[in-house]
Amino acid sequence: MSSAATSLRSVTARVPAKINLELMVGPLRPDGFHHLATVFQAVGLHDDVTVEPAPDWGITINGPYADLVPADDTNLALRAARLLAAEAGIDSPVQITIDKDIPVAAGMAGGSADAAGALLACDALWGVWSSKAALNDLAARLGSDVPFALLGGTAMGSGRGDQLAPVLGRGRYTWVLALSDVGLSTPQVYAECDRLRTGRRVPEPTASAAMMTALRSGNPESLGRALRNDLQPAALSLQPRLEEVLRTGLDNGALGGIISGSGPTVAFLVSDTERSLDLAVALTASGAAPSVKRAVGPVRGAHIVTAASGPRGSFGTTGHTGPAGLRSS
Ligand code: C5P
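Just so we're clear, the structure is a prediction, and the values are computed from it rather than from any experiment. (Residues numbered from 1 in each chain as written. Predicted model: local features only at pLDDT ≥ 70, side-chain atom pairs only at ≥ 80, totals over all residues. Heavy atoms only, no water.)

J.: Please clarify how helix H6 (residues 186–196) should be interpreted in this entry.
T.: Turn by turn, an α-helix covers 3.6 residues, leaving residues three or four places apart pointing in a common direction. Among the residues making up H6, those that are buried are Val189, Tyr190, Glu192 and Cys193. Take H6 and look down its axis: the buried residues cluster within an arc of 160°, on one side only. Of the exposed residues in H6, those oriented more than 90 degrees away from the buried face are Pro187, Gln188 and Arg195. The secondary structure elements touched by the buried residues of H6 are strand S1 (8–28), strand S2 (34–53) and helix H9 (232–238). (Buried < 20%, exposed > 50% of the residue type's maximum accessible area, 1.4 Å probe, protein only. Helix = DSSP H or I, 4+ residues; strand = E, 2+ residues; numbered from the N terminus. Arc of directions from axis to C-beta. Contact = heavy atoms within 4.5 Å.)

This is the structure we're talking about:
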């Protein structure tokens, strides 16, 4: 039944980074999270996550950010693979290799992308063939942004950010991403947001009409004006240098600029590729941003790019529950 899947030698999933076009943060919940109303967009910066059968669980990270990522049991991709294995009754360890191009601790959900990639790749390697709903459920257990890394495109997120509804928008947007050489911790940024709002009544968050209208119009000028992030004051309070980055971008042709998620990456929207080159040069030359990347969005979510088959080795995928493993319910 699953003979094709069980003979796979390795599977590679490609997963995009995200930016939040709008991030409205509600009150702190008893579980330590905040109610969100957010609009995600997947952008063309990717990590490739490869899984292959191995005698023991392991992970290797390649690329310029490799030193910043834990290559041990705390790694979210490894936790994702093990979670799927436990849920599907798989007893076949994998070696995970991540070719990393998404900056780390940058507010672009790079760790979440790796978890989503590991889920999708292992699901195919082991021939589990989980339903979308089942994979989403596992994704949400791993982190608030993991379901969106699976879905991609442009989507509205509610709850912790894990309840998703695709947004039917038009247009393809060009982004310039000003990276920082010092990361920001997501829990610290949320805590700073709470501190800054102490004593104030915080309403339940709702997506703005301006954002939805802008996305429906496909007009980058409107979208530039509608960008909004409630975590921005907190990120600026923790890294005041980001004010200068924002100012430099807005003074050099950006249609809008916003801290991405909990930061510290600043995402600037520009009208076209030529402007993106101009702005990248201006940000670099001014010294405001140590490094700059360009990306377009929306792009698709996690997808499989390579599934190499071959003779089954000594680490065959024995012991799994078959294609129906996580399908029911
Ligand atoms: O879900 P994830 O592990 O990405 O969240 C990291 C941290 O960000 C949480 O522990 C919490 O401090 C904060 N967070 C939050 N409200 C959310 C999402 C994340 O307070 N909706």
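Structure shown, so let's carry the discussion forward.
J.: Would you explain the sheet that holds strand S10 (residues 266–270) in this entry?
T.: Within a beta sheet, neighbouring strands are joined by backbone hydrogen bonds and run either parallel or antiparallel to one another. If you trace the four strands from one edge of the open sheet to the other, you get S9-S10-S7-S11, paired in antiparallel fashion. Both edges of this open sheet fall to strand S9 (256–259) and strand S11 (291–297), since each of them pairs with a single strand only. Taking each pair of neighbouring strands and ignoring which way they run, the sheet shows an average axis angle of 25°. In terms of strand pairing, S9 meets S10 through four bridges, oriented antiparallel. Bridge pairing in S10 places Ile258 opposite Ala267. (Pairing = 2+ DSSP bridges. Axes fitted to C-alpha atoms, helices over the stretch in contact; angles between N-to-C directions.)

J.: Is there a simple way to explain the site of the ligand in this structure?
T.: Close contacts around the ligand come from Gly32, Phe33, His34, Leu36, Gly143, Ser144, Arg160, Thr186, Pro187 and Tyr190, and that covers them all. A distance of 2.6 Å separates an oxygen atom of the ligand from a polar side-chain atom of His34. Between the ligand and Arg160 there is a distance of 3.0 Å, counted from a nitrogen atom to a backbone nitrogen or oxygen. Against a free-state accessible area of 450 Å², the protein chains account for coverage of 75% of the ligand. In a pocket analysis with a 2 Å cut-off to the grid points, the ligand is assigned to the largest pocket. Elements with a minimum of two residues in the shell around the ligand: S2 and H6. The element contributing the most residues to the shell around the ligand is H6, with three residues. (Near = heavy atom within 4 Å. Polar contact = N/O pair within 3.5 Å; in protein donor to acceptor, adjacent residues only side chain to side chain. Areas by Shrake-Rupley, 256 points an atom, 1.4 Å probe, with all protein chains shown as cover. 1 Å grid on protein atoms, 1.4 Å probe; cavity = no way out; pocket = protein on both sides within 12 Å on 5 of 7 lines; lining within 4 Å. Sits in = over half its atoms within 2 Å of the grid points.)

J.: When you look at the side chain of Asn20 in this model, what are you seeing that I'm missing?
T.: Among the structural elements, Asn20 can be located in strand S1. Engagement of the side chain of Asn20 in a polar contact is seen with the side chain of Thr38, the distance being 2.8 Å. Aside from chain neighbours lying at most four places away, what touches Asn20 is Thr38, Val39, Phe40, Ile258, Ser260 and Gly261.

J.: In this structure, what is going on with unusual backbone geometry? I would like to understand it.
T.: A negative phi holds for most residues other than glycine; trans holds for most peptide bonds. Here the bond from Gly263 into Pro264 is cis, since omega is 10°, no more than 30 degrees from zero. In this fold, Pro264 is placed in the loop between S9 and S10. In the segment running from Gly297 into Pro298, the intervening peptide bond is cis, with an omega of 5°. Assignment of secondary structure puts Pro298 in the loop between S11 and strand S12 (303–309). Positive phi is not limited to glycine here, since Ala105 has a value of about 50°. By the element assignment, Ala105 lies in the loop between strand S4 (94–99) and helix H3 (110–125). Even without being a glycine, Ala109 presents a positive backbone phi close to 60°. Considering the arrangement of structural elements, one finds Ala109 in the loop between S4 and H3. Classification of Ala109 by relative accessible area gives buried; the value is 13%.

J.: I tried to follow the pattern of salt bridges on my own but got confused; where do I start?
T.: Opposite charge on two side chains makes pairing possible when the charged atoms of those side chains draw close. Here the structure, examined in full by the defined rule, presents twelve salt bridges. Between Lys100 and Asp114 there is a salt bridge, with its nearest N and O atoms 3.2 Å apart. Of this pair, Lys100 sits in the loop between S4 and H3 while Asp114 is found in helix H3, placing the two residues 14 residues apart along the sequence. Of the two residues examined, Lys100 and Asp114, each falls in the buried class. Ionic pairing is found between Asp230 and Arg228, a salt bridge with its closest N-O pair at 2.9 Å. A residue is classified by how much of its surface remains accessible, and Asp230, at 18% relative accessible area, is buried. Its relative accessible area of 42% is what places Arg228 among the partly exposed residues. Residues participating in the shared-partner salt-bridge network are Asp47, Lys100 and Asp114. (Salt bridge = Lys/Arg side-chain N within 4 Å of Asp/Glu carboxyl O.)

J.: It is not clear to me how the packing of helix H2 (residues 76–88) against H3 should be interpreted in this structure. Could you clarify?
T.: Describing two packed helices takes the angle between their axes plus the distance from one axis to the other. With their axes 7 Å apart at the nearest point, H2 and H3 run at an angle of 35° to one another. Handedness of the crossing formed by H2 with H3: right-handed. Residue-level contacts link Leu76, Ala77, Ala80, Ala81 and Leu84 of H2 to Gly111, Ser112, Asp114, Ala115, Ala118, Leu119, Cys122 and Asp123 of H3. Of the residues in the contact of H2 with H3, the class split is nine nonpolar, two polar and two charged. (Left-handed = near helix turned anticlockwise from the far one by under 90°. Nonpolar A, V, L, I, M, F, W, Y, C, P; charged D, E, K, R; others polar.)

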